Structures are given as structure tokens and as C-alpha cells.
Amino acid sequence: AVLPGPPSAAARVKESARRRLREFDVGDRFSRLPLPKASVLLPLTVRAGKLHLLLTVRAMQLRRSPGEVCFPGGKREAIDKDEIDTALREAKEEVGLQPEKVEVVCRLVPGIDKMNHVVTPVVGFIEDTFQATPNPDEVSDVFVVPLEYFVKPSNYKTLPYKTSSGYSGWMHCFIYDDHERKMSFKIWGLTAHFAVFLALVIFGKHPTFKVEYDLDNLISSAETNFMNLYASIYERKKSNL
Ligand SMILES: CCCCCCCCCCCCCC(=O)SCCNC(=O)CCNC(=O)[C@H](O)C(C)(C)COP(=O)(O)OP(=O)(O)OC[C@H]1O[C@@H](n2cnc3c(N)ncnc32)[C@H](O)[C@@H]1OP(=O)(O)O
Ligand SMILES: [Mg+2]
């Protein structure tokens, strides 16, 4: 019999990421919150020995967030049995990614979008050979960014935000220059929030900018931040009844 050889560099990069990600899996712990739901897929791929994230640019004719950078994803539909189903269904619709070509690793702590959807990030590995076929109704472009950019950016600023429920904070804003394609992409808000958290989880080191987490207790501080935001919306919803 042929013995398996040593794992390739790419396989080792994936294995250490997988291990870190599993420690942060929230499973279905946030699945029963009484707010509408959406999911995004955080598609990870290894290129030239480094982890990269695939992102999309939303079509200009979309009603919500036209032209903004986001992950493949969308609102939950009745046929979806969980957050993972939603993310995979949307990724197929938007960029032609076949669900069976995704190795789903975990669900991370959710965020909340402008419309008060609980948005669950689902992390999965995709093949380095994947060629996106953007659905022009929803996606105008697809690009990849080295995951390390989200802890060590060369063009970064913060922007203030305040939700309608009165919760305020800072959001990250990255400009990523894709030198090969001679294009720049602005990644901010909820999408940047997920990308930064993913990079913190996987690399376990301090970023070059300030974050609203206790980095020594990343899991619990991420959950506390989410629950504070959630509580501000939930309290407000109740008082509007
Ligand atoms: C502390 C805790 C954390 C909190 C975070 C703090 C950080 C920052 C907070 C800052 C907070 C601010 C947050 C910021 O914004 S920040 C600004 C930067 N932008 C972002 O980060 C993007 C964030 N948004 C998203 O990722 C998505 O919107 C999510 C995933 C939330 C929803 O997904 P999505 O929006 O993608 O939903 P969809 O894919 O189901 O549907 C999309 C639309 O497409 C229509 N459609 C479908 N099929 C077709 C078709 N064939 N032909 C034509 N049209 C078609 C369909 O009817 C729908 O239309 P409509 O119904 O919308 O009109
Ligand atoms: Mg979408």
C-alpha cells in the first residue's frame, strides 16, 4: 500500500485554522432569538500558502446596500433548516458555489444588520481552484483578500456608527488595493466586523488597530458585545409594542 506522504503546506495551514475555528463554534446557541435571520458565508481558501477570504460587490440595482462589499449571503427562507443552509443556498445563488464544494467548519457569533436581522457568519473552506460565476442580478464582482489584511492593513480607518436603538460604537473601514487587478475595494461595517473577528480567531494575535474586544477573552467578549447590541434592539422593540 502507498503510505500517505507528509501533509502539504496548504493542508497544514487549513488544519491549524480548523482547530482554532472549532473552539469558536457557537453551534445553534443563537438560533432561537426572536428577530428575523440572515446568514453569510465566510469562504476561506489557501493561495500561495496563505489563507484568503472571498468577498463580493453587491449589484448597483439592489435596493439594500447597492455597490457595497459583502460576503455571499442573504435572508433566511422557510426551506432552510438552519443558518448553514441559508449561507450555502445564498452562496450558490450569488456566486455559483456548489454546496458540496464547501467544507463547513463552524458558525461564529452573529452580528445585527441595519434592518435588525441577526446575521450568522458561517465559515467554510472552498477549493483554491473555485471560479466564481457572479449572478449579475445580485453581484457585480468577486475578489479575494489575504485574511492577514484584516489584522495588518495598510489602509485603514474607523468610522462612528449609531443604531436606531441608540447603540453606538466604531466600525472598521479597510481599503484593499488589489494590485493584480488594479482595483481598490472598500470593506466596512458589518462585513469588516466579521472579517476582523475571523482573522482574530484564526491568528490569535493583536491587530495593528484598536478593536472592541478583550483579546485575552475573545469568545466571551464577542458574545457580550453581541448581547449588548441585541438587548438594545430588543428593549426598544418591546417599548414600541
Ligand atoms: C457588537 C455586535 C456586532 C455588531 C456589528 C457592529 C459592526 C458594524 C455595524 C454597522 C451596521 C450597519 C451594517 C452595514 O450595512 S455596514 C455597510 C457595509 N455593508 C455591509 O457590511 C453589508 C452588510 N449586509 C449584508 O451582508 C447583507 O445585506 C445581509 C447578509 C445582511 C442580508 O443579505 P442580502 O441583503 O444580500 O439579502 P438577500 O441576498 O436575501 O437578498 C438581497 C436582495 O436581492 C433581491 N433578489 C434576490 N434574488 C434576486 C434576483 N434574482 N434578481 C433581483 N433581485 C433579487 C432580494 O429580493 C433582496 O432584495 P430586498 O428585499 O433587500 O429589496
Ligand atoms: Mg445576498
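Residues numbered from 1 in each chain as written. Chains lettered and ligands numbered in written order. Predicted model: local features only at pLDDT ≥ 70, side-chain atom pairs only at ≥ 80, totals over all residues. Heavy atoms only, no water.

> Tell me what's going on with the nonpolar core, and back it up with residues and numbers.
The biggest cluster of nonpolar side chains holds 56 residues, and the ones touching the most others in it are Leu44, Phe150, Ile187 and Leu198. In this structure Phe150 touches Leu53, Leu55, Val145, Phe174, Ile187, Ala195, Val196, Ala199 and Phe209, once residues within four positions along its chain are discounted. (Core = buried A, V, L, I, M, F, W, Y, C linked by side-chain atoms within 4.5 Å. Buried < 20%, exposed > 50% of the residue type's maximum accessible area, 1.4 Å probe, protein only. Contact = heavy atoms within 4.5 Å.)

> Could you give an account of the coordination of the magnesium ion (ligand 2), naming the residues involved and the relevant values?
Protein-derived ligands of the magnesium ion (ligand 2) are Gly73 (O) and Glu94 (OE), with the metal-ligand distances lying across 2.1 Å. Here Glu94 lies in helix 2 (residues 83–95) and Gly73 lies in strand 4 (residues 73–75), a separation of 21 residues in the sequence. Here the two residues Gly73 and Glu94 agree in accessibility, since each one is buried. (Donors = N, O, S within 2.8 Å, 3.2 Å for Na, K, Ca; no water. Helix = DSSP H or I, 4+ residues; strand = E, 2+ residues; numbered from the N terminus.)

> Hey, could you go over the confidence of the model for the chain for me, with residue numbers and the actual values?
Taken over all residues, the pLDDT of the chain has a mean of 95, while the share at 70 or more is 99%. Interface scoring of the predicted complex returns ipTM 0.93; its pTM is 0.95. (pLDDT = per-residue confidence, 0-100.)

> Provide a residue-level description of the packing of helix 1 (residues 9–23) against helix 3 (residues 189–203), including the pertinent values.
Interhelical geometry of helix 1 versus helix 3 gives an angle of 110° and a closest axis separation of 8 Å. Taken as axis vectors, helix 1 and helix 3 run roughly perpendicular relative to one another. In the packing of helix 1 onto helix 3, the handedness of the crossing is right-handed. Note on element contacts: helix 3 touches helix 1 through Leu198, Leu200, Val201 and Ile202, opposite Ala17, Arg20 and Leu21. The class makeup of the residues in the contact of helix 1 with helix 3 is 6 nonpolar, no polar and 1 charged. (Axes fitted to C-alpha atoms, helices over the stretch in contact; angles between N-to-C directions. Parallel < 35°, antiparallel > 145°, perpendicular 65-115°, else oblique. Left-handed = near helix turned anticlockwise from the far one by under 90°. Nonpolar A, V, L, I, M, F, W, Y, C, P; charged D, E, K, R; others polar.)

> Explain the packing of aromatic side chains to me, and be specific about the residues and the numbers.
Tallied over the entire structure, the rule returns 12 aromatic pairs. Residues Tyr149 and Phe150 carry aromatic rings whose centres are separated by 6.3 Å and whose planes lie at 85° to one another, so their mutual orientation is edge-to-face. The two residues Tyr149 and Phe150 agree in class, both being buried. Taking 6.1 Å as the distance between ring centres and 20° as the angle between the ring planes, the aromatic pair formed by Phe226 and Tyr230 counts as stacked. Of the two residues, Phe226 and Tyr230 are both situated in helix 4 (residues 218–240); the distance of 4 residues between them amounts to about one turn of the helix. Of the two residues, Phe226 and Tyr230, both sit in the buried class. Members of the aromatic cluster, each reached through a chain of ring pairs, are Tyr149, Phe150, Tyr156, Phe174, Tyr176 and Phe209. (Phe/Tyr/Trp six-rings, centres within 6.5 Å; stacked < 30°, edge-to-face > 60°.)

> Can you explain the UniProt feature "domain: Nudix hydrolase" (unreviewed entry) in the chain? Please cite residues and give values.
According to UniProt, the "domain: Nudix hydrolase" (unreviewed entry) feature falls on residues 35–173. Taken end to end, residues 35–173 has its terminal C-alpha atoms 27 Å apart, with 9% of it in helix and 44% in strand. (UniProt positions renumbered as here; feature names shortened; annotations may be inferred.)

> Requested: an account of the pattern of salt bridges, with residues and values cited.
With the rule as written, the count across this model stands at 15 salt bridges. The closest approach of N and O atoms between Arg18 and Glu15, which form a salt bridge, is 2.6 Å. Here Glu15 and Arg18 lie together in helix 1, a separation of 3 residues that amounts to about one turn. A relative accessible area of 13% places Arg18 in the buried class. Glu90 is the partner of Arg89 in a salt bridge, and the nearest nitrogen-oxygen pair spans 3.1 Å. Take Arg89: its relative accessible area is 14%, and that puts it in the buried class. Members of the salt-bridge network, linked through shared partners, are Glu77, Asp80, Arg89, Glu90 and Glu93. (Salt bridge = Lys/Arg side-chain N within 4 Å of Asp/Glu carboxyl O.)

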